[in-house]
Structures are given as structure tokens and as C-alpha cells.
Amino acid sequence: MEHTRIRRFNTKDTYPEQKIDNDLCQAVVARGTTVFLRGQIGQNLDTSESVCIGDVKGQTEQAMYNIDMLLKEAGGKLEHICKVTIYISDPRYREDVYRVVGRWLKGVFPVSTGIVVSAFARPEYLVEVDATAVIPD
């Protein structure tokens, strides 16, 4: 990998009572060009249409699809992600959301922060994921 990942771990070991399998780490030492992505939600970026209303897994899939697409447009790839922040509107969504994110980021080992929020910009949004990536020189 292009970046140094410090103290790698998997959430299945950290949270054995939950069915989450995410590769994360405590810190990333990044080299290259930094890309800050806007928080992504269940929205088709080409049409601005909200998708998967009422479906937190579907909204998370769309958010991760958007992140992948935007990184490719910036000349990067998912493996360049150093940090993700995951916002959910209900703590009961955590396992479903983290399973989807974990599948997209398998083997990447980003730093991750999860936050429960009371509301998003639109009432139909259930999850938002933002990411910071560093594309190596």
C-alpha cells in the first residue's frame, strides 16, 4: 500500500457482539495529494435524485458508490482513503451501515469515526459518509 497504516485491526475482534467485519487502523501516514470528499448520501450524483428512501443499506451503497466514482474522477481509488466519517441518524443502523462500508473498504484499513446525529439536511437521508484520501505522488 502507498500509505503507512498504524495498528491495524478488524472490528469483528473489537466488537465481537456485533456482526461487523471492517478493516481499520488507528492512524494513517499519508504521502501525496489530499482529496477531501463531501459527505455522500443516498443521492444519484448525475440526477440529484434521492434513492433508496427508507433503506439505510441502499443509501449506504449509493454513498460508497459515489465515493468510489468521485475518487476515480480525482485520479484515485478506494485504496487511497485514509479517513472516513460515518454519520447515522439511528444507532440501530450501525451494523447494516458498517457492513456495507466494510465490504467496499475491505483491505484498505482507513481511520474511521462514527457519529449518531439527530438529523440530516433532508428528512429522507438516514446515513452520510465522508472520506479523505491521499493520492500518492
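Definitions and cut-offs
- Residues numbered from 1 in each chain as written.
- Predicted model: local features only at pLDDT ≥ 70, side-chain atom pairs only at ≥ 80, totals over all residues.
- Heavy atoms only, no water.
- Helix = DSSP H or I, 4+ residues; strand = E, 2+ residues; numbered from the N terminus.
- Rg over C-alpha atoms; globule rule 2.2 N^0.38 Å.
- Buried < 20%, exposed > 50% of the residue type's maximum accessible area, 1.4 Å probe, protein only.
- Areas by Shrake-Rupley, 256 points an atom, 1.4 Å probe, with all protein chains shown as cover.
- Lys, Arg positive; Asp, Glu negative; His and termini not counted.
- Charge placed at Lys NZ, Arg CZ, Asp CG, Glu CD.
- Pairing = 2+ DSSP bridges.
- Axes fitted to C-alpha atoms, helices over the stretch in contact; angles between N-to-C directions.
- Contact = heavy atoms within 4.5 Å.

Chemist: Even after reading the chapter, I still don't get the overall build of the chain, so can you show me in this structure?
Modeler: In terms of helices and strands, the chain carries three helices and six strands. Going residue by residue from the N terminus, the α and β elements of the chain occur as β-α-β-β-α-β-α-β-β. For the chain, whose C-alpha radius of gyration is 14 Å, the value lies close to the compact-globule estimate of 14 Å for 137 residues. Seen through its principal axes, the chain has C-alpha atoms that stretch 40 × 40 × 20 Å. Within the span of the chain, comprising 137 residues, buried residues form 45% of the whole. For the chain, the computed accessible surface area is about 7,200 Å², with 49% contributed by carbon and sulfur atoms. Side chains of the chain give 17 positive and 19 negative charges; the mean places of these two sets differ by 5 Å.

Chemist: Which parts of the structure should I look at to understand the sheet that holds strand β5 (residues 111-116)?
Modeler: Backbone-to-backbone hydrogen bonds join strands into a sheet, with any given pair of strands oriented parallel or antiparallel. The four strands lie next to each other as β3-β6-β4-β5, forming an open sheet whose pairing is mixed. Strands at the two margins of the open sheet, each flanked by one partner only, are β3 (33-36) and β5. Within this sheet the neighbouring strands show an average axis-to-axis angle of 10°, counted without direction. Along the sheet, helix α2 (residues 56-73) contacts β3, β4 (81-88) and β6 (127-135); its crossing angle with β6, the most-contacted strand, is approximately 20°. Of the strands in this sheet, β4, β5 and β6 touch helix α3 (residues 94-104), which is tilted by about 155° from β4.

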